[in-house]
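Breakdown of the fold
Take a look at the letters that make up each chain.
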Protein chains: 2
Amino acid sequence: MKQSFLFTKTRKEAPKDEVSKNAQLLIRAGFIHKEMAGVYSYLPLGLRVLKKIEQIIREEMNAIGGQEMLMTTLQDPAIWQKTNRWDDAVVDNWFKTKLATGSDLGIANTHEEPLTNILRNHINSYKDMPLYAYQFQTKFRNELRAKSGIMRAREFLMKDLYSFSRGEEEFREFYEKCAAAYLKIFDRVGLGALTYRTVAAGGSFTSGFTDEFQTLSTAGEDIIYVDKKKKIAVNKEVYTDENLRKLGLKKEDLVEEKSIEVGNIFPLGTKYSSALGLVFIDKDGVKSPVVMGSYGIGLGRVMGTIVETLSDEKGIVWPEAIAPFKVHLISLGEKGSASFVYAEKIYTELQQKGIEVLFDDRPTRAGEKFADSELIGIPIRVVVSDKTLEKNGLEVKRRTEETATIFTETDFFALF
Amino acid sequence: MKQSFLFTKTRKEAPKDEVSKNAQLLIRAGFIHKEMAGVYSYLPLGLRVLKKIEQIIREEMNAIGGQEMLMTTLQDPAIWQKTNRWDDAVVDNWFKTKLATGSDLGIANTHEEPLTNILRNHINSYKDMPLYAYQFQTKFRNELRAKSGIMRAREFLMKDLYSFSRGEEEFREFYEKCAAAYLKIFDRVGLGALTYRTVAAGGSFTSGFTDEFQTLSTAGEDIIYVDKKKKIAVNKEVYTDENLRKLGLKKEDLVEEKSIEVGNIFPLGTKYSSALGLVFIDKDGVKSPVVMGSYGIGLGRVMGTIVETLSDEKGIVWPEAIAPFKVHLISLGEKGSASFVYAEKIYTELQQKGIEVLFDDRPTRAGEKFADSELIGIPIRVVVSDKTLEKNGLEVKRRTEETATIFTETDFFALF
């Protein structure tokens, strides 16, 4: 894409009321627009990143047998009343609205109830399971405060998968599969080295533990204790001598860290299936409620965490797999000059090879182009100018490098 | 995909309160689930169709210079008050909600206001235009009645593109480009022969006409007058002698038809840019408000219209480009039998060739498999059984055909 075509502009300053580093950088670089606290639109560059994160998650969910669907935002109170999650005194972050006819509706904050209800039409027998359904759907949470940018928004895109199993053992088998898939996802999006499967409290669903995926970050709101050798962590809430003994971990191997929860997986038992009547007939003709599990990843949370943890003082540093473009091609020559024509040739060749490239063809001064490039954070910067032409090459700098190197055209294309 | 894996089941009956043909068939075939009147979840088969429609629209919008983005559902009343569209007395189909702090929020029914507001950060000069931004975003409309299935829902996915031009002429040029792109889209999704660019009233934005795209259907709520030779139509609301003269159409060439509006494009003039202060500095240093246009297609509307117009008494008939799968492979043999093993081989080969195939590997009786196949409506049905093996072939029937034909394996694969 030509940068003269891209409609967003970079900005020197983020809105004054924006306190989070992730949103500050993403707004300044033209990835997002702040509609209000905790509510952000995704501009073309931001949507490209979001879609890449989505596609990685989709591939890994399909690989473990997930089937994609799409549920609704508007929610009928009736099914939430059955699980006692309609009342604001029980669930305090609902947005609610009303039909023109006067009846109450919910604005979905999660989707256990509607999916359990849908599956009453599709699960009857033990032959209909196991079953794993997921979606990428916007969730709405009426948070009192929203100061973490796209990491904790009032409106955000989430992948939520729900598992439906015939018993505890079958559930547990998938749970471990999904945990492994999550580690792959965080690895693929570029957070692998910083992200730990983390033992957390069971909450109301299980007497055992549940699992979170926590990424080390000074911007994090959680405290975890990390065993870097074993590649596992323990959330502060379960950091007791007894639990560590159960988990086979030693206090002296654990380091306290701040972290961001980028994903969670947890057993739901039969709470929803029992309340909503999702039962199946087993091999012996006996009816039992379905055993469920829930597996979430917030896409904006992941994107925000990447910005928080990998950016530097000049701007964002995107991992290659989710960068909006792979190459930032910068021409310093005037339109029509020899070096500009050469840059156009490189642009065309990159496109022909299917390499995503943002071509800075704007009549802007060099300093501004370089600053924009550092701020936007595309992995490979390539500069074409009279100077590089003289040297018969291209000036290549990775976003993570301090200095640029002259490459021949052949060596440059060998990078891909 | 193996049908034994697909989690949805077909149903003999749709819910009793469902009166629309499109939703009845889509629910029975397992494409959608009715959450409440006008609110439908998309199950795996339905989502596959929706995504294909989305991708066709995306390609055509990108081809005319559209840039994809994603705005929010939650809306700040302040920007809507500036255009006088916040008050329920002015816009009567808002869903509204409240922040935990007590302030009002809108649930977006359209996105002119937020986009115009966003672009105040990105448009300053005539050099920043023309600019075309679009999104696939859920719209919420608080309709009093919702009886048309996914054709007129309270919550629905829409492609909305907005054009930002420097003057009337530049706007008009894009408007015609987009009209041509719309005809391509309706052609590609399989509605080309039934869909007419239709002259409609200008509404509050223009003294001239606007354009709708209307698909002939007895389920339609609109009345249009069609000139089939000229491939153009006129909405009843502007069907006057004077207008026909202006348009160069003759009454005797026009046939009255019922139709469904599948898309619309219309000028917005400077209503939103003036109200929200989206101005640009032209070549002469003069400030002017940006000239805008709006271009919508409801994806569910398109999908529902296809079901309404192309289905038959046995079920849905999907056009190839948007079918959930291209081939429905049906094995009548028992698992492990020679014919089942042969069907598995055909399944593998289709997949290797990248041809999307639903493989009915279920231990279900033949009659039920055939009925399901007609209901689901995949374009090509291929049956493998002891009988077809004897004849050394495969039994092929297109969904639009009455009778099946035996193909050799070579002839079958030559279809693709």
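An account of the accompanying structure is given in this report. Throughout, residues of each chain are indexed from 1 in the direction in which the sequence is written. The order in which chains are written sets their letters, starting at A; the order in which ligands are written sets their numbers, starting at 1. Reporting in this predicted model follows two pLDDT cut-offs: at least 70 for local features of residues, and 80 or more for side-chain atom pairs to be given and counted; totals over whole chains, interfaces and linings ignore these cut-offs and use all residues.

The next thing to look at is the overall build of chain A. For chain A, the helix and strand inventory stands at 12 helices and 21 strands. When the backbone C-alpha atoms are referred to their principal axes, chain A occupies close to 80 × 60 × 45 Å. Labels follow a simple rule on C-beta atoms placed from the backbone: if 20 or more others lie within 10 Å of a residue's own, it is buried; if 12 or fewer, it is exposed; otherwise it is partly exposed. Expressed as a percentage of the 416 residues in chain A, the buried residues total 49%. Any pair of residues counts as being in contact when their C-beta atoms, constructed from backbone geometry, are within 7 Å of one another. For chain A, contacts bridging at least 24 residues in sequence account for 67% of all contacts bridging at least 6. Helix numbers and strand numbers start at the N terminus; a helix is a DSSP run of H or I with at least 4 residues, a strand a run of E with at least 2.

Another aspect to go through is the sheet that holds strand β21 (residues 405-407) of chain B. Residue and element names in this part refer to chain B. Strands pair, by our definition, only if DSSP identifies at least two bridges between them. Spatially, five strands are ordered β18-β17-β19-β20-β21 in an open sheet, and the strand pairing comes out mixed. Every other strand in the sheet has two partners, leaving β18 (357-360) and β21 as the edge strands with one partner each. Sheet twist, expressed as the average angle between the axes of neighbouring strands with direction ignored, equals 25 degrees. By the bridge criterion, four bridges tie strand β19 (residues 380-384) to strand β20 (residues 394-398) in an arrangement that is antiparallel. For Val383, the partnering residue across the bridge sits in β20 and is Glu395. To get an axis, a line is fitted to the C-alpha atoms, and for a helix only the part in contact is used. The angle between two axes follows their N-to-C directions and goes from 0 to 180 degrees. In the packing of helix α9 (residues 338-352) onto the sheet, the strands contacted are β17 (327-331), β18 and β19, and the crossing angle to β17 comes to about 160 degrees. Each of β17, β18 and β19 is contacted by helix α10 (residues 366-376), which is oriented at about 175 degrees to β17, the strand it contacts most.

Residues and elements named next belong to chain A. One open sheet holds the five strands; their spatial order is β18-β17-β19-β20-β21, and the pairing between them is mixed. Single-partner strands in this sheet number two, and they are β18 (357-360) and β21 (405-407). Adjacent strand axes in the sheet meet at a mean angle of 25 degrees when their direction is disregarded. Sheet analysis places strand β17 (residues 327-331) next to β18, joined by four bridges and oriented parallel. From the neighbouring strand, Leu329 faces β18, where its bridge partner is Phe359. Its contacts with the sheet put helix α9 (residues 338-352) on β17, β18 and β19 (380-384), and the angle it makes with β17 is roughly 160 degrees.

Facing 37 residues of chain A, the contacting portion of chain B comprises 37 residues. Mapped by element, the contributors of at least two residues to the side of chain A that touches chain B are β1 (32-36), β2 (39-42), α2 (44-63), β3 (67-68), β5 (95-98), α4 (112-119) and β7 (131-140) of chain A. Partitioned by chemical class, the residues of the side of chain A that touches chain B number 20 nonpolar, 10 polar and seven charged. Residue type decides the class: Asp, Glu, Lys and Arg count as charged, Ala, Val, Leu, Ile, Met, Phe, Trp, Tyr, Cys and Pro as nonpolar, and the leftover types, Gly among them, as polar.

It is worth spelling out helix α8 (residues 299-310) of chain B at this point. Residues and elements named next belong to chain B. Multiplying 1.5 Å by the helix residue count minus one yields the expected span of that helix. Taking 1.5 Å per residue, 12 residues should reach 16 Å; α8 reaches 16 Å between its end C-alpha atoms and fits that length. Within α8, 11 of the 12 residues are buried, leaving the element largely enclosed by the surrounding structure. Buried residues of α8: Leu299, Gly300, Arg301, Val302, Met303, Gly304, Thr305, Ile306, Val307, Glu308 and Thr309, and no others. On its buried face, α8 is in contact with α1 (21-28), α2 (44-63), β8 (155-165), β10 (210-216), β13 (255-269) and β16 (291-298).

Of all hydrophobic cores here, the largest spans 198 residues; its most connected members are Leu329 of chain A together with Leu329 of chain B. Every residue in contact with Leu329 of chain A, bar those within four places of it in the chain, is listed here: Ala343, Ile346, Tyr347, Leu350, Val357, Phe359, Asp360 and Val382 of chain A. By definition, a nonpolar core groups buried Ala, Val, Leu, Ile, Met, Phe, Trp, Tyr and Cys residues that are joined through C-beta atoms within 7 Å.

Residues and elements named next belong to chain A. In this model, α9 (15 residues) spans 21 Å end to end at C-alpha, consistent with the 21 Å of a helix rising 1.5 Å per residue. Those residues of α9 lying buried are Ala343, Ile346, Tyr347 and Leu350. For α9, the arc enclosing every buried residue in end-on projection is 105 degrees, short of the 170-degree limit, so these residues lie on one face. Away from its buried face by more than 90 degrees, α9 exposes Ala338, Lys345, Thr348 and Gln352. Arc definition: it is the arc formed by the directions from the helix axis to the C-beta atoms.

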